[in-house]
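Chain by chain, the residues:
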Amino acid sequence: MANIEEVEQARSRIQNIIHKTPIVHSQSLQEKWGRRVFFKAEHLQKTGSFKIRGAANAVTNAVSNGATLVTAASSGNHGQAVAYVANELGISSVIVVPTDASPAKVAAIKAYGGQIEYCGTTSAERIPHAKSLANQLSGVYIPPYDHRDIIAGQGTVGLEMVEQLPDAEFIVVPVGGGGLISGILTAVKAKRPDILVIGAEPALANDTALSLERGEITAIGPTETIADGLRTSQPGDLTFPIVSELLDGLVLVEEQEIIEAMRDIAARTKQLVEPSGAVAAAAIMSGKAGAPGQTIVAVISGGNVDLPRFAGLLNAAETK
Ligand SMILES: *Cc1c(COP(=O)(O)O)cnc(C)c1O
């Protein structure tokens, strides 16, 4: 299991690559939601999401073991993060994306210096391809969440939060494959075991909720939640034991609540947040996580949504 020493070590490894992100607060949003809420602003992170923390830790480690090439299977935030970090560290990256990947995402990966390789439409096709490419090219495959270096890197979000907001009582984190929340749990429960840590998942992608209920890793079918960073079908072999042991609770949010949270955050704090990035905030806004009077921190995990999609989601919600 990942431990606090690994998170501390990750912090010193990645500090020159990543931003230490601010905590954002809005009095007007606090009044509207009736909650003393703060946001850990990972949408302001380099490459637009926290994924660069784990990627920076894993790729730095691979480079110190002699790697000159890394591969990943993701057209989203993980793919962008791995391409960016590889380029910063002066090595090559090959990012395997689905044949129907959006041109904007492909362009972002290329702009960060990643080579694109198209493969299939499912992660079940892409992951083996990225692994075998790594083998063929004597490179290292970098997974998105189920890896000690990734978990430790994401844990640096937790270290920063407890230092930046020592009076925090309640932390809410979005859950996909569980790398982010496992890292945060590892850091926060070591430093401040008194702080409650709650996960938030879209009701349409409730694999971790189901797995916790059944006490074993449980997969769900394909999901179309707008929170595309949280569409993983099941928790990881390394992340699930951490979540099972340390998590204080998990809440589910509806699609409409995610959109409302995105809208409120934009209107009141002037921040642009992607759907996955708004899931923890939606849990607080809807009253499912955190009580009045508590000092609550929501992790805003990413901001990579283009303006037409952002506008489209808000408009579709208005006309419902
Ligand atoms: C990947 C991602 C998540 C989920 O992180 P996991 O480590 O897979 O649980 C949440 N939000 C955004 C924006 C992401 O890119």
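Definitions and limits used
- Residues numbered from 1 in each chain as written.
- Predicted model: local features only at pLDDT ≥ 70, side-chain atom pairs only at ≥ 80, totals over all residues.
- Heavy atoms only, no water.
- UniProt positions renumbered as here; feature names shortened; annotations may be inferred.
- Helix = DSSP H or I, 4+ residues; strand = E, 2+ residues; numbered from the N terminus.
- Contact = heavy atoms within 4.5 Å.
- Expected span 1.5 Å × (residues − 1).
- Buried < 20%, exposed > 50% of the residue type's maximum accessible area, 1.4 Å probe, protein only.
- Near = heavy atom within 4 Å.
- Polar contact = N/O pair within 3.5 Å; in protein donor to acceptor, adjacent residues only side chain to side chain.
- Areas by Shrake-Rupley, 256 points an atom, 1.4 Å probe, with all protein chains shown as cover.
- Nonpolar A, V, L, I, M, F, W, Y, C, P; charged D, E, K, R; others polar.
- Domains from an automatic or database assignment.
- Buried area = accessible area lost by both parts, 1.4 Å probe.
- Salt bridge = Lys/Arg side-chain N within 4 Å of Asp/Glu carboxyl O.

Let's talk about the UniProt feature "domain: Tryptophan synthase beta chain-like PALP" (unreviewed entry) in the protein
And step 1. The feature "domain: Tryptophan synthase beta chain-like PALP" (unreviewed entry), as annotated in UniProt, sits at residues 15–302 in this numbering.
And step 2. Segment residues 15–302 splits into 43% helix and 17% strand. End C-alpha atoms: 19 Å apart.

Some remarks on the side chain of Ser93
And step 1. By secondary structure assignment, the location of Ser93 is in strand 4 (residues 92–97).
And step 2. Apart from the residues within four sequence positions on either side, Ser93 is in contact with Val70, Ala83, Ala86, Gly113, Gly114 and Gln115.

As for helix 8 (residues 179–191)
And step 1. Taking 1.5 Å of rise per residue, the 13 residues of helix 8 would be expected to cover 18 Å, and the 19 Å separating its terminal C-alpha atoms lies within 8% of that figure.
And step 2. Residues of helix 8 that are buried include every one of Gly179, Leu180, Ile181, Ser182, Gly183, Ile184, Leu185, Thr186, Ala187, Val188 and Lys189, and no others.
And step 3. On the buried face of helix 8, the contacting elements are helix 1 (4–14), helix 7 (148–164), strand 7 (170–174), strand 8 (196–202), helix 10 (239–246) and strand 10 (295–300).

Some points on the site of the ligand
And step 1. The immediate surroundings of the ligand are formed by 15 residues, with Lys51, Asn77, Gly176, Gly178 and Ser301 found nearest.
And step 2. At 2.8 Å from an oxygen atom of the ligand is found a side-chain nitrogen or oxygen belonging to Asn77.
And step 3. Here Leu180 contributes a backbone N or O atom positioned 2.9 Å from an oxygen atom of the ligand.
And step 4. The protein chains hide 97% of the 380 Å² of surface that the ligand would expose on its own.
And step 5. Residue composition of the shell around the ligand, by class: four nonpolar, nine polar and two charged.

Section: the domain arrangement of the protein
And step 1. For the protein, the assigned domains read domain 1 (4–50 + 151–318) and domain 2 (51–141).
And step 2. Between domain 1 and domain 2, the C-alpha centre-to-centre distance is 24 Å.
And step 3. In this complex, domain 1 contributes 24 residues to the contact, which on the side of domain 2 involves 17 residues.
And step 4. Carbon and sulfur atoms make up 51% of the surface buried where domain 1 meets domain 2, a total of about 1,600 Å² over both sides.
And step 5. Summed over the shared surface of domain 1 and domain 2, the number is three salt bridges.
And step 6. One salt bridge in this structure joins Asp228 and Lys105, with 3.5 Å as the shortest N-O distance.

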